[in-house]
Amino acid sequence: MTELADRRLLLVHAHPDDESINNGATMATYAARGVQVALVTCTLGEEGEVIPAALAHLAPDREDTLGAHRAEELAAAMKELGVTDHRFLGGPGRFRDSGMMGAEQNHRAGAFWSADVDEAAALLVQVIRELRPQVLVTYDPDGGYGHPDHIQAHRVAMRAADLAADSGFRPQLGAAHAIAKIYWNRVPRSVGERLFTELREHAVAGLPWAAARLDDVPGVVDDDRVTTVIDGRPQVARKAAAMRAHATQIAVAEPWFALSNDLAQPLFDIEYYELVRGRSGAAPGERETDLFAGLPDTADTADAADVPDSTDKPQHDRGTVTST
Ligand SMILES: [Zn+2]
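As the structure is a prediction and not an experimental result, all values here were calculated from the model. Numbers given to residues run from 1 along each chain, matching the order in which its sequence is written. Where local features are concerned, this predicted model is filtered to residues with pLDDT of at least 70; where side-chain atom pairs are given and counted, the filter is 80 or more; whole-chain, interface and lining totals use all residues. To get the side-chain values, take all heavy atoms of the structure and skip hydrogens and water.

Describing the packing of aromatic side chains
Two rings belonging to Phe, Tyr or Trp (six-membered ring only in the last case) form a pair when the distance between their centres is within 6.5 Å. Interplanar angles under 30 degrees mark stacking, angles over 60 mark edge-to-face geometry, and anything in between is tilted. This model, assessed by the stated rule, comprises 3 aromatic pairs. Note on Y30 and F292: the rings are 5.4 Å apart at their centroids and 65° apart in plane angle, and the pair reads as edge-to-face. Taken together, the residues Y30 in helix α1 (residues 18-32) and F292 in the segment after β12 (270-277) connect sequence positions 262 residues apart. Per residue, the accessibility class of Y30 equals that of F292, and both read buried. Starting at the N terminus, helices and strands are each numbered in turn, a helix being any DSSP run of H or I of at least four residues and a strand any DSSP run of E of at least two. When a residue's accessible area, from a 1.4 Å probe over protein chains only, is under 20% of the maximum for its type it is buried; when over 50% it is exposed; and in between it is partly exposed.

Have a look at this one:
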């Protein structure tokens, strides 16, 4: 086993580009601090819509080579963020993009949505036991916005976190490891409303796109559910560069971007999370500003015996909103 850094962050995402949109500033921030940042992407995103006309031939109804192309985009994005450990769950192409909810691709052989959750989770257990992250970031149970691969990524990540900590589960996959803190991606409603007001009233006139609506943004919740704020403003240029690297999927005009629907939305330089497992490291009434807040300093304290009971609820107060 290679030597582990003291602080280790694992992110689980559905498709190449989700990591940069949701967590790009966070990933760049921690990579720059020497934290071991690892990304597991569950599919190659083969069913995505292609934005540049010159690359339209990659699409699933034409050459069906978008997956390999998006793996290259992901590698380029990770270079921009300074993240060296990125993998596909079970290897590239093990699970295929399931398309949007209700599409016939949902039930195609190999589609991630059709995968057995425990089987897919076992592949992630091996990664968790190897990397031994203290912190896991993934989506909420709705996958942020209902895409089947995002919902499945949530299920697989949460199941894998439980199984990885169970010493009786497939010991050949490595020594049990309990992840101390688990977060879901969030956007506080007040922040989203403020940015969308700015977009509609000031910015959209200068953009080549119409304005999206707040409903189009994944993970929007009432402010009091947001426990943790990562100020990624010093790294926002790297986040924007990573998003640009996903050129088949994202068009960027900082501080806005659009997906293939040509609807502008905010590029978040401050990223938000809800702590759903583990103890908050923030003072009562405040939000955390570090995903590792409250954790012991050294690597060997991350052993299963030393982390909070996995059934604990986050111990944070529902403070007033102070972030921007
Ligand atoms: Zn996605």
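Points about α1
Helices are assigned an expected span. That span is 1.5 Å times one less than the residue count. If you check α1, its first and last C-alpha atoms are 20 Å apart, about what 15 residues at 1.5 Å a residue would give, namely 21 Å. At G24, α1 is deflected by roughly 75°, the largest bend along its length. The element α1 is largely enclosed, with a buried count of 13 among its 15 residues. In the segment just after α1, G34 is the residue with positive phi, at about 85°. Bend is computed residue by residue as the angle between axes fitted to the seven residues ending at the residue and the seven residues starting at it.

A short note on the packing of helix α3 (residues 117-131) against helix α4 (residues 148-164)
How two helices pack is summed up by the angle between their axes together with the distance between the axes. An axis is simply a line fitted to the C-alpha atoms; with a helix, the fit covers only the stretch in contact. Between two such axes, the angle follows the N-to-C directions and lies from 0 to 180 degrees. Relative to each other, α3 and α4 sit at 60°, their axes nearing to 8 Å. The angle between the axes of α3 and α4 places the two elements in the oblique class. Between α3 and α4 lies a crossing of right-handed hand. Between α3 and α4, the contacting residues are V117, D118, A120, A121, L124, V125, I128 and R129 on the first element and Q152, R155, V156, A157, R159, A160, A161, L163 and A164 on the second. Each residue gets one of three labels, nonpolar for Ala, Val, Leu, Ile, Met, Phe, Trp, Tyr, Cys and Pro, charged for Asp, Glu, Lys and Arg, and polar for the others, Gly among them. Here the contact of α3 with α4 is composed, by residue class, of 12 nonpolar, 1 polar and 4 charged. For this classification, under 35 degrees means roughly parallel, over 145 means roughly antiparallel, 65 to 115 means roughly perpendicular, and everything else is oblique. It is the rotation of the near helix from the far one that decides the hand of a crossing: anticlockwise by less than a right angle makes it left-handed, clockwise makes it right-handed. Contacts are assigned to residue pairs that have any heavy atoms within 4.5 Å of one another.

Side note on the coordination of the zinc ion
Protein coordination of the zinc ion is provided by H15 (ND1), D18 (OD), D18 (OD) and H150 (NE2), with donor distances spanning 2.1 to 2.5 Å. Metal sites are built from N, O and S donor atoms within 2.8 Å, or 3.2 Å for Na, K and Ca, and they leave out water, so they may look incomplete. The geometry test gives tetrahedral to four donors whose angles all lie between 85 and 135 degrees, gives square planar to four donors and octahedral to six donors whose opposite members are over 155 degrees apart with all other angles between 65 and 115, and gives irregular to the rest. Classification of the site at the zinc ion rests on its 4 donor atoms, whose angles at the metal span 55 to 144°, yielding the label irregular. Going along the chain, you hit the donors of the zinc ion in the pattern H-x2-D-x131-H. Here D18, found in helix α1, pairs with H150, found in helix α4; they are 132 residues apart in sequence, far enough to count as distant. The buried category is assigned to D18, whose relative accessible area is 7%.

In short, shape yes, function no, at least from these values alone.
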